[in-house]
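Reading the structure
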Amino acid sequence: IKMYQNHQKISSWVEETYMSMYREASCYARLGSLAVALDKYVAAFHFRPSRLESLLAAVILCRNKQLNRLGWQILKMVPEKIQKTPDILFVEPKAYSYGFLWEKSILAFYVNEKSEGVRACSALEESEDLPSSCRGRLLSNKQFYVGAAK
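Residues numbered from 1 in each chain as written. Predicted model: local features only at pLDDT ≥ 70, side-chain atom pairs only at ≥ 80, totals over all residues. Heavy atoms only, no water.

**Considering the nonpolar core**
One finds Tyr41, Leu55, Ile74, Phe100, Trp102 and Leu130 to be the most contacted residues of the largest nonpolar core, which totals 40 residues. Take this core: its biggest share by element is seven residues, from helix α4 (residues 53-64). (Core = buried A, V, L, I, M, F, W, Y, C linked by side-chain atoms within 4.5 Å. Buried < 20%, exposed > 50% of the residue type's maximum accessible area, 1.4 Å probe, protein only. Helix = DSSP H or I, 4+ residues; strand = E, 2+ residues; numbered from the N terminus.)

Printed below as a string of structure tokens:
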């Protein structure tokens, strides 16, 4: 963590600084310091708004810790139309393709935003970005919404 913090102070390339902030947040998450990790993930996004990996990591962390309402609120920080980042350093394509829709398709159920969940599932079904290995899980997830509508 100290090395990432030091690198943030000396780096002159914004992509390196962002990655140091993002990796520092990930370290705190692995250590179980949830509040610090979330703060650092959001700070990384605010530092470099064209990079979305840190917000996706924050949403996933919230979902994994069953902080569904907080994860949903973080999802609202994501731009409606996701643009590919112009950056080249350690870009995680999932954050710019299906990642947020995937999280929305899950979290919507737990925060009682079922219509949003159905829309997210439908968008994912039509998406060419969603890996084929995720399609079975998507159909399974969609069944929760069908069952909840009855």
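**Digging into the environment of valine 111**
One can find valine 111 in the loop between α6 (99-110) and α7 (114-126). As for valine 111 and leucine 70, which are separated by 41 residues in sequence, their C-alpha atoms are 9.7 Å apart. When near neighbours in sequence (up to four residues on either side) are disregarded, valine 111 contacts Asn68, Arg69 and Trp72. (Contact = heavy atoms within 4.5 Å.)

**Section: the packing of helix α3 (residues 34-47) against α4**
Relative orientation of the contacting elements α3 and α4 amounts to 155 degrees, with a least axis distance of 8 Å. Between α3 and α4, the interaxial angle falls into the category roughly antiparallel. Pair α3 / α4 crosses with left-handed handedness. Every residue of α4 that contacts α3 at Leu34, Ala37, Leu38, Tyr41, Val42, Ala44 and Phe45 is listed here: Ser54, Leu55, Ala57, Ala58, Leu61 and Cys62. Among the residues making up the contact of α3 with α4, the classes are represented as 12 nonpolar, one polar and no charged. (Axes fitted to C-alpha atoms, helices over the stretch in contact; angles between N-to-C directions. Parallel < 35°, antiparallel > 145°, perpendicular 65-115°, else oblique. Left-handed = near helix turned anticlockwise from the far one by under 90°. Nonpolar A, V, L, I, M, F, W, Y, C, P; charged D, E, K, R; others polar.)

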